Amino acid sequence: MSWLFGYRGNQPPSDVPQIPIPPSEGGGGGSDDKSTKTAMEAYRFDSSALERAAQAAKELERSKFAKEALDLSKQQEQTKQQEYFAKVKEYEAHIEHSRVEQKRVDGEEKRKTLQEETKQSQIRAQYQDQLARKRYEDQLLQQQRINDENLRRQEESVAKQESMRKATIEHEMELRHQNEMKRLEAELRAKAKVDRENQDLTLEQIRLKAAENRITVLESIKTAGSVLGTGAHALLADWDKILAAAGGISLLALGVYSAKGTTGVAARYIEARLGKPSLVRETSRFSLMEVVRHPVQSVQKVFARFRSQDALSGVVLAPKLEERLRDIAIATKNTKRNRGMYRNILMHGPPGTGKTMFAKKLAVHSGMDYAVMTGGDVAPMGREGVTAVHKVFDWANTSHKGLLLFVDEADAFLRKRSSETISEDLRATLNAFLYRTGEQSQKFMLVLASNTPEQFDWAVNDRLDEMVEFSLPGRDERERLVRLYFDQFVLRPAMEGKRRLKLAQFDYSLLCTEIARLTEGMSGREIAKLGVAWQAAAYASEDGVLTEKMVMDRVMDAVVQHKQKVEWQSEEERRDSKSISYSSDKDTMYVPVLSAKES
C-alpha cells in the first residue's frame, strides 16, 4: 500500500523507528552546518506525496472497489501482524532450544570430564598394580638368583666330592692292576721258560725229519730224471714218434673245440625249433614239449587250422571299426600269400574292448602263427631282458608260416627314454627291441596293444605303420554283445539239458534291449562277465532256474560296481598318480593307470 500513502521505494515503513544521526565530535562550524542540513533533509515533509495520496483516496472513494480495497488492506495488515507474532514465537522457541542445547552440551562436558577422571583413575590404579607386580617379580628373581647360586655351590661341592671319590677308586684300581700285571708277568716268564725248553726239543726233531726227507726227495728226483731223460732221448732219436705225438695232440684239441661249438649250435637250434622263449605266454606254434605236456590241446589246434574262420567272428565292434579291421585282415592274408612285407599295427583303447581277441583271430584268418607276450614280463628280467628279446625274434624268424607277435601292455617297457626314469637294463632291452624291429620283415608281423599309447618312445612310434583305436561299445554294440553272451552262457546250456540250468518264461529279447540301455560305459569284457554271472546265479539257485529278477539283480550289481570303479579312477586322477610300479631286484618299471575313459 506504499502507492496509497505516498511512500517511496527507498524510504522505510512507518513502523520502523528512525534513529537520529548524532553530530560528529570535534568538527568546525562548516561541518555543523552540513550535518544540520543533512538532518533537515532527512526530516523534510513531502507535500506532493500527501497530495497524491489524497487524490488517490478520492479516486478510491469514487471507485466501486473502494470497500474491497479497504478490506484487502486490512487483511494485509492482519497478515503482517500474524507473521510478526509467528516470528516472535519462533524466536522464543529458538531461544528455548538454545537453552536446552546449552544444558545438553554442559551435561556432555560433565560426562566427558567424569569419564576422563575415571580413566585417569584406572590408569593410576593399573600403574600402581604394575609397579607392585614389578616389585614382586624383582623380589622373586632375586630370590631365584640366590637359590641358583646356592644350588650351584652345592653342585660344585658334590662334584668335588665325586671327583675325589673317583680319584681314590682309580688309584685303588691302578694298584690292583699293577699287582695283577706283576703276577701275570711272573707266570708268563715261567711259561716262556718251559716253552723254550719244549721248542728246542721240537726244533731238533724237525731237523732230523728234514734231513731224512731231503735224502728221499733227491733220490726220487734222480730216478725221475733218469726215466724222463731216457724217454726224451728215445723220442728225439725216432722222428716218426715225434710226428705221431704232435698229430695226436692237435687232433685232441680240434675235437674238443669242435664238440663245444657243435653242442652250442645244436642247443640253440633245438631251443628255437622244439621250445618257445620264456617271454612268450601263448602261441599257436607246435613244439615237442607242448605236444608232450598237452596232447589234447595240440590235436585241437591241428583241427582248428583246417577250419576257415572269419577274422571278426565273435568280435562285436562299431561298424566303421569292423570295416577297417576287415580291410586289415584281408591285406594281411594277401601279404602272407604273396610273401610281401608285413605291416606293424598299434591297437589302443580301453581294456576289454577286443584287442587281444582280434589279434588272435587275425593270425588264424591269415594262416599265420601267433604268439602273445606281455610287456610287464620284460622289466623284472633285468640284464637277461636283452637276451630274452633276441630269443623271441630269433624264434619268430624260424616260422615257415609267418608269425604275428602280439605284445599286450606294450607301454610297460617301450616307454620314452628321454623323459621317463628307467634303469639301464631296461634301456638296453628297449634298444634291443628297436634294433630287431628297425626294418620291415617277411617273417613276423608286430601288433602292439596299449591303453596309454602316448607314453611310447618316439622310435617305437616310428616303427608303426597303422594305428587303430578300440573304443567302448555303443548301445547297439552292447545289445549285440548281451545277446551273444546270453546265448552262449544261458540259452545253449539250457537247451542241451545236460547241465543244472533252466530258463524261466520271459521275453529275453526285450530284456536284452533293457540291459543294453543300463550298461552304458561298460566294456565287452564286463558284459561277458555278466553272462558268467547269470550262469552262476542259476547254478546257485535251489531249482537251477534262471528268472528275470535274477538276471536284473546281477545287472544292477554290475552297474553299481562299474560306477565304483569309475569313482576310484577319478580319485586316482585327482591324486595325479598315473602309474603303478613293477619292481624287481635290479630295476623298476612304471605302468600307467587307466584314464576315466578307459574305465
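Going by the structure above, here's the rest.
Just so we're clear, the structure is a prediction, and the values are computed from it rather than from any experiment. (Residues numbered from 1 in each chain as written. Predicted model: local features only at pLDDT ≥ 70, side-chain atom pairs only at ≥ 80, totals over all residues. Heavy atoms only, no water.)

**Q** An account of the packing of helix α8 (residues 319-337) against helix α9 (residues 355-366) is needed here, citing residue identities and associated values.
**A** Where α8 meets α9, the closest approach of the two axes is 9 Å, and the angle between their N-to-C directions is 40°. Between α8 and α9, the interaxial angle falls into the category oblique. Relative to α9, α8 is oriented so that their crossing is right-handed. Here Leu325, Ile328, Ala329, Thr332, Lys333 and Lys336 of α8 lie close against α9, whose contacting residues are Phe358, Leu362, His365 and Ser366. (Axes fitted to C-alpha atoms, helices over the stretch in contact; angles between N-to-C directions. Helix = DSSP H or I, 4+ residues; strand = E, 2+ residues; numbered from the N terminus. Parallel < 35°, antiparallel > 145°, perpendicular 65-115°, else oblique. Left-handed = near helix turned anticlockwise from the far one by under 90°. Contact = heavy atoms within 4.5 Å.)

**Q** So what's going on with the pairing of strand β6 (residues 466-469)? Residues and values would help.
**A** Residues Glu466 and Val468 of β6 are buried on one face, while the alternating residues Met467 and Glu469, pointing to the opposite face, are not. Taken together, the four bridges between strand β2 (residues 345-348) and β6 define a ladder with parallel strand orientation. The residue bridging methionine 347 from the neighbouring strand is valine 468, located in β6. (Buried < 20%, exposed > 50% of the residue type's maximum accessible area, 1.4 Å probe, protein only. Pairing = 2+ DSSP bridges.)

**Q** Break down the side chain of lysine 355 for me, with residues and values.
**A** With respect to the helices, strands and loops of the structure, lysine 355 is situated in helix α9. Of the side chains with opposite charge, aspartate 408 comes closest to the buried, unpaired lysine 355, at an N-O distance of 6.2 Å. The contact partners of lysine 355, leaving out residues within four places of it in the chain, are Met347, His348, Gly349, Pro350, Phe406, Ala449, Ser450, Asn451 and Phe470. (Lys, Arg positive; Asp, Glu negative; His and termini not counted. Salt bridge = Lys/Arg side-chain N within 4 Å of Asp/Glu carboxyl O.)

**Q** Summarise the sheet that holds strand β4 (residues 403-408); cite the residues concerned and give the values.
**A** Hydrogen bonds between backbone groups are what pair the strands of a sheet, and the pairing can be parallel or antiparallel. Here we have six strands laid out as an open sheet, ordered β1-β3-β4-β5-β2-β6, and mixed in their pairing. At either end of the open sheet lies a strand with only one pairing partner, and these are β1 (282-283) and β6. Against the sheet, helix α10 (residues 384-397) touches β1, β3 (369-374), β4 and β5 (444-450), its axis set at about 150° to β4.

**Q** Could you give me a rundown of the side chain of aspartate 457, with the residues and numbers involved?
**A** In this fold, aspartate 457 is placed in the loop between β5 and α12 (458-462). The class of aspartate 457 is buried, set by a relative accessible area of 6%. Reaching out from aspartate 457, the side chain makes a polar contact with the backbone nitrogen of alanine 459 at a distance of 3.0 Å. In this structure aspartate 457 touches Leu414, Arg415, Lys416, Arg417 and Leu430, once residues within four positions along its chain are discounted. (Polar contact = N/O pair within 3.5 Å; in protein donor to acceptor, adjacent residues only side chain to side chain.)

**Q** Residue-level account of unusual backbone geometry, with values.
**A** For arginine 339, which is not glycine, the phi torsion reads 60° and is therefore positive. The exposure class assigned to arginine 339 is exposed, which follows from its relative accessible area of 71%. In this structure, glutamate 409 takes a positive phi of about 50° despite not being glycine. If you trace the backbone, glutamate 409 turns up in the loop between β4 and α11 (424-436).

**Q** So what's going on with the nonpolar core? Which residues, and what values?
**A** If you look at the biggest cluster of nonpolar residues, it comprises 32 residues, and the most contacted ones within it are Leu405, Val407, Leu414 and Leu448. If you look at the next biggest cluster of nonpolar residues, it comprises 27 residues, including Val316, Tyr485, Trp534 and Ala537. (Core = buried A, V, L, I, M, F, W, Y, C linked by side-chain atoms within 4.5 Å.)

**Q** Before we move on, can you summarise helix α14 (residues 508-518) with the specific residues and values?
**A** When α14 is considered as a whole, its buried residues turn out to be Leu511, Cys512, Ile515 and Ala516. One side of α14 holds all its buried residues, which, seen down the axis, span an arc of 140°. Two or three places before serine 509, at the start of α14, stands the capping residue aspartate 507, its side-chain oxygen 3.3 Å from that residue's backbone nitrogen. (Arc of directions from axis to C-beta.)

**Q** Could you give me a rundown of the packing of aromatic side chains, with the residues and numbers involved?
**A** Applying the stated rule across the entire model yields eight aromatic pairs. Seen in terms of ring centroids, tyrosine 84 and phenylalanine 85 are 6.0 Å apart; in terms of plane orientation they differ by 55°. Their pairing is tilted. Looking at tyrosine 84, the relative accessible area reads 54%, which means it is exposed. The class for phenylalanine 85 is partly exposed, based on a relative accessible area of 49%. With a centroid separation of 6.5 Å and an interplanar angle of 50°, the aromatic rings of phenylalanine 358 and phenylalanine 470 are classed as tilted. Within this pair, whereas phenylalanine 358 is found in helix α9, its partner phenylalanine 470 is found in the loop between β6 and α13 (475-496), the two being separated by 112 residues in sequence. Across this residue pair, the class does not change: phenylalanine 358 and phenylalanine 470 are buried. (Phe/Tyr/Trp six-rings, centres within 6.5 Å; stacked < 30°, edge-to-face > 60°.)

**Q** So what about α10? Which residues, and what values?
**A** Helix length check: α10 (14 residues) gives 20 Å between terminal C-alpha atoms against 20 Å at 1.5 Å per residue, within 8%. Residues of α10 that are buried include every one of Gly385, Ala388, Val389, Val392, Phe393, Trp395 and Ala396, and no others. Down the axis of α10, the buried side of the element spans an arc of 160°, and every buried residue falls inside it. (Expected span 1.5 Å × (residues − 1).)

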